[in-house]
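Close look at the chain arrangement
Each chain, letter by letter, is given below.
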Amino acid sequence: MVQNSERSSLTETVETIVEASQQGDETTVSEISDAVGRTSHLTAILFAASLSATPLSGVPGLSTVCGLIIATCAAQALLGRKKIWLPGFLRRKKVPNKRLGDALAWLGKGAAYLDGATQTRFRPLVRGAARKMLLSLFLIGGLMMPILEFIPFSASIVAGTIAFFSAALLTRDGLWVAWGMGLIGLAATGAVWAF
């Protein structure tokens, strides 16, 4: 799946990972990465962020692993690297297939909705400087997640935000980027007024 060509089907991505996770009791990050394809940084970021935003985030250390994957892929995308590279200690991490299956079932519904609700529009918000800004935020957010894992729900909130924006980039829907920025602005304004 190539990130710079046509729009990606999120449903197909989830189905590919489901097929890869049907053997044995556990699936490694390496197997998931190979199933997704080693050329799409955004797909890897979206999947890692989405997993960390599901109940699967209750697995100890998962938010840390997902955060490091997000940060690594975002950095490589910013540097223009064509293929995904993950260090061995991340590729060897394992996820229980039962819990992974539950998370994928949940993600499948979200992916089907996004495939139908998104379209290519407002392209300046998903390429060039805007894309680099979002990738930079993914990098920062990913690096924060190992620390936030110790604060209940905080890593999942960051992961959910990254998943939202990475889905917008992957489907090339700048309107979703605009909505997301608007919601963050409203939340920040509300927080300022509250304090």
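Residues numbered from 1 in each chain as written. Predicted model: local features only at pLDDT ≥ 70, side-chain atom pairs only at ≥ 80, totals over all residues. Heavy atoms only, no water.

1. As for the overall build of the chain
Secondary structure summary: the chain contains nine helices and two strands in total. The order of α-helices and β-strands along the chain, N terminus first, is α-β-α-α-α-α-β-α-α-α-α. Taking 16 Å as the expected radius of gyration for a compact globule of 195 residues, we find that the chain reaches 16 Å, a close match to that expectation. With the principal axes as the frame, the chain shows a C-alpha extent of 50 × 40 × 30 Å. Split into buried and exposed, the 195 residues of the chain put 46% on the buried side. In the chain, once contacts between residues fewer than 6 apart in sequence are set aside, the share between residues at least 24 apart is 79%. For the chain, the accessible surface area stands at approximately 10,100 Å², while carbon and sulfur atoms represent 65% of it. (Helix = DSSP H or I, 4+ residues; strand = E, 2+ residues; numbered from the N terminus. Rg over C-alpha atoms; globule rule 2.2 N^0.38 Å. Buried < 20%, exposed > 50% of the residue type's maximum accessible area, 1.4 Å probe, protein only. Contact = heavy atoms within 4.5 Å. Areas by Shrake-Rupley, 256 points an atom, 1.4 Å probe, with all protein chains shown as cover.)

2. Some points on the confidence of the model for the chain
Interpreting fine coordinate detail is not advised for predicted regions of low pLDDT. Here the chain averages 84 in pLDDT, while 91% of its residues score no lower than 70. Taking the mean pLDDT of every element in the chain, the minimum, 79, falls on helix 9 (residues 174-194) and the maximum, 94, on helix 4 (residues 62-78). Low pLDDT (under 50) marks residues 1-6, which in the prediction has 15 contacts with non-local residues, meaning those over four places away or in another chain. (pLDDT = per-residue confidence, 0-100.)

3. What about the packing of aromatic side chains?
A full pass over the atoms with the stated rule returns four aromatic pairs. Ring geometry for Tyr113 and Trp176: centres 6.4 Å apart, planes at 70°, overall edge-to-face. Residue Tyr113 is located in helix 6 (residues 97-117), and its partner Trp176 is located in helix 9; the two are separated by 63 residues in the primary sequence. Assessed through its relative accessible area of 53%, Tyr113 is described here as exposed. With centroids separated by 5.4 Å and ring planes inclined at 40°, the aromatic side chains of Phe164 and Trp176 adopt a geometry described as tilted. Linking Phe164 in helix 8 (residues 154-171) with Trp176 in helix 9, this pair joins segments that are 12 residues apart in sequence. (Phe/Tyr/Trp six-rings, centres within 6.5 Å; stacked < 30°, edge-to-face > 60°.)

4. Section: the pattern of salt bridges
Throughout the structure, instances matching the rule amount to three salt bridges. Here Lys98 makes a salt bridge to Asp102, at a shortest N to O gap of 3.9 Å. Of the two residues, Lys98 and Asp102 are both situated in helix 6; the distance of four residues between them amounts to about one turn of the helix. Put simply, Asp173 and Arg121 hold a salt bridge, and the shortest N to O gap is 2.7 Å. Of the two residues, Asp173 is situated in the loop between helix 8 and helix 9 and Arg121 in the loop between helix 6 and helix 7 (128-148); the sequence distance between them amounts to 52 residues. Judged by relative accessible area, Asp173 falls into the buried class, the value being 0%. (Salt bridge = Lys/Arg side-chain N within 4 Å of Asp/Glu carboxyl O.)

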